[in-house]
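Structural characterization, general
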Amino acid sequence: MDNFKQYAPATQRNREHILEVLLKVLPSSGNILEIASGTGEHSLFFAPAFRPRQWIPSDPNPTARNSIEAWRQDSSINNIQSPLNINAANSNWGIEEKEHNITTIVNINMIHISPWSACLGLMEGAKRILPSKGILYLYGPYKQGGKHTAPSNESFDQSLRSQNLEWGVKNLEDVIKVAEERGLLFQEKVEMPANNLSVIFEKQ
Ligand SMILES: C[S@@+](CC[C@H](N)C(=O)[O-])C[C@H]1O[C@@H](n2cnc3c(N)ncnc32)[C@H](O)[C@@H]1O
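Here's a quick rundown of the structure.

Details of the nonpolar core
Formed by 31 residues in total, the largest nonpolar core has its most connected members in Leu33, Ile35, Trp93, Ile105 and Leu138. Put simply, the parts of the chain that give this core at least two residues each are β1 (31-35), β3 (102-108), α4 (116-129), β4 (135-140), α6 (172-180) and β6 (196-203). If near-sequence neighbours (up to four positions away) are discounted, Ile35 is found in contact with Ser58, Ile86, Ala88, Trp93, Ile105, Val106, Asn107, Ile108, Met110 and Leu122. Listed in part, the 22 residues of the second largest apolar core include Leu22, Ile80, Val106 and Ile135.

A word on the pairing of β6
Most of β6 sits out of view: seven of its eight residues are buried. Here β4 pairs with β6 via six bridges, running antiparallel. When the bridges of β6 are listed, Tyr139 appears paired with Ser198. Sheet topology places strand β5 (residues 184-192) next to β6; eight bridges connect them, and they run antiparallel. When the sheet's bridge partners are listed, Met192 is paired in β6 with Asn196. Two successive antiparallel strands, β5 and β6, enclose a turn made up of three residues, where Ala194 displays a positive phi of approximately 60°.

Here we look at α6
Residues that lie three or four places apart on an α-helix share one face, since the helix turns once every 3.6 residues. For α6, the full list of buried residues reads Leu172, Val175, Ile176, Val178 and Ala179. The buried residues of α6 occupy an angular sector of 170° when projected down its axis, which confines them to one face. The secondary structure elements touched by the buried residues of α6 are α4, β4, β5 and β6.

Regarding the site of the ligand
Every one of the 18 residues lining the ligand counts as a neighbour, but Ala36, Asp59, Asn87, Ala88 and Ile108 are closest to it. At 2.7 Å, a backbone N or O of Ala36 approaches a nitrogen atom of the ligand. For the ligand, whose accessible area on its own is 600 Å², the fraction buried by protein is 80%. For the shell around the ligand, a count of residues per class yields nine nonpolar, eight polar and one charged.

Considering the environment of Asn153
By secondary structure assignment, the location of Asn153 is in helix α5 (residues 151-163). What makes Asn153 buried here is its relative accessible area of 4%. Spatially, the C-alpha atom of Asn153 lies 32 Å from that of Ala70, the residues being 83 residues apart in sequence. Those residues in contact with Asn153, other than ones at most four positions away along the chain, are Pro141, Tyr142, His148, Val169, Ala194 and Asn195.

Observations concerning the side chain of Ser43
Mapped onto the secondary structure, Ser43 falls in helix α2 (residues 41-46). Beyond its immediate chain neighbours, meaning those up to four positions away, Ser43 contacts Glu34, Ser37, Trp55, Pro57 and Ile80.

Details of the sheet that holds strand β2 (residues 55-56)
Spatially, six strands are ordered β2-β1-β3-β4-β6-β5 in an open sheet, and the strand pairing comes out mixed. In the strand order of this sheet, the two ends are held by β2 and β5, each with one partner. The pairing of β1 with β2 spans two bridges and is classified as parallel. In the strand pairing of β2, Ile32 is matched with Trp55. Here helix α1 (residues 9-25) sits on the sheet in contact with β2, β3, β4, β5 and β6, set at roughly 160° to β4. Against the sheet, α4 engages β1, β3, β4, β5 and β6, with an angle of about 165° to β3.

What counts and what doesn't
Per chain, residues are indexed from 1 in the order of the written sequence. Where totals are concerned, whole chains, interfaces and linings use all residues; where local detail is concerned, this predicted model gives features only for residues with pLDDT of at least 70, and gives and counts side-chain atom pairs only at 80 or more. Excluded from the side-chain calculations are hydrogens and water; all other atoms, namely the structure's heavy atoms, are used. Nonpolar cores were defined as sets of buried Ala, Val, Leu, Ile, Met, Phe, Trp, Tyr and Cys residues, with membership established by side-chain atoms within 4.5 Å. To sort residues, take the accessible area from a 1.4 Å probe on protein chains only and compare it with the maximum for the residue type: under 20% means buried, over 50% means exposed, and anything in between is partly exposed. The way it works is that DSSP assigns letters per residue, a run of H or I at least four long becomes a helix, a run of E at least two long becomes a strand, and they are numbered from the N terminus. Note on contacts: a residue pair is in contact if any heavy atoms of the two residues lie within 4.5 Å. Strand pairing is assigned whenever DSSP identifies at least 2 bridges connecting the two strands. Directions pointing from the helix axis toward each C-beta atom define the arc. To be near a molecule or strand, a residue needs just one of its heavy atoms within 4 Å of it. Whenever two N or O atoms come within 3.5 Å, that pair is a polar contact, provided that in protein one can donate a hydrogen and the other can accept it, and provided that, for residues adjacent in sequence, both atoms are side-chain atoms. Areas reported here follow the Shrake-Rupley algorithm with a probe of radius 1.4 Å; residue values treat only the protein chains shown as occluding. Residue type decides the class: Asp, Glu, Lys and Arg count as charged, Ala, Val, Leu, Ile, Met, Phe, Trp, Tyr, Cys and Pro as nonpolar, and the leftover types, Gly among them, as polar. Angles here are taken between N-to-C directions and fall from 0 to 180 degrees, while the axes themselves are lines fitted to C-alpha atoms, restricted in helices to the stretch in contact.

The structure is reproduced here in structure tokens:
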């Protein structure tokens, strides 16, 4: 299984800061669905802090899912489920039923590395799945008032757009607008290292 494990060094740098926020803002019961889990290193680090609640990772990329599963099987953590194949842009994620008891959706570093349709799909999914008072947690870089908040974010944005014209750092106000149109009320933003933000929404 080790051959399937992927490594994203940034996860080592941001995971403790993210966990600190998650521990403050997540509901005290219910399971956690992670959209765009990537390598799975975050899932492995966060899940034990929420035992016995289930951490449900997902990613549309099969290489990522293999990595998540490799990390999961190699650990002794018993509250991480096998990764699901979820593309946020799809109108059904296959996990809508109430018995999954999902009260939180976590999405880290996806919105800028995907088309706007993925952000819209994420908000639609959160609207379908979360109960009242459920939490949507986002992490990543954002423009504010249409402007980059740091030169490093601006050059990152340019490099993203050179890879795919539909990618790029999104404007926080646009993300809040499409969330609130779907009954996800903006609660707070928390400044994070390396000019990233945690952005927290609560379902009405
Ligand atoms: C930069 S990685 C971040 C992974 C992980 N959350 C982290 O912080 O290390 C972006 C991830 O978003 C996933 N992704 C891209 N488009 C997506 C979509 N439409 N729905 C769900 N995940 C998507 C990719 O497969 C990739 O794993």
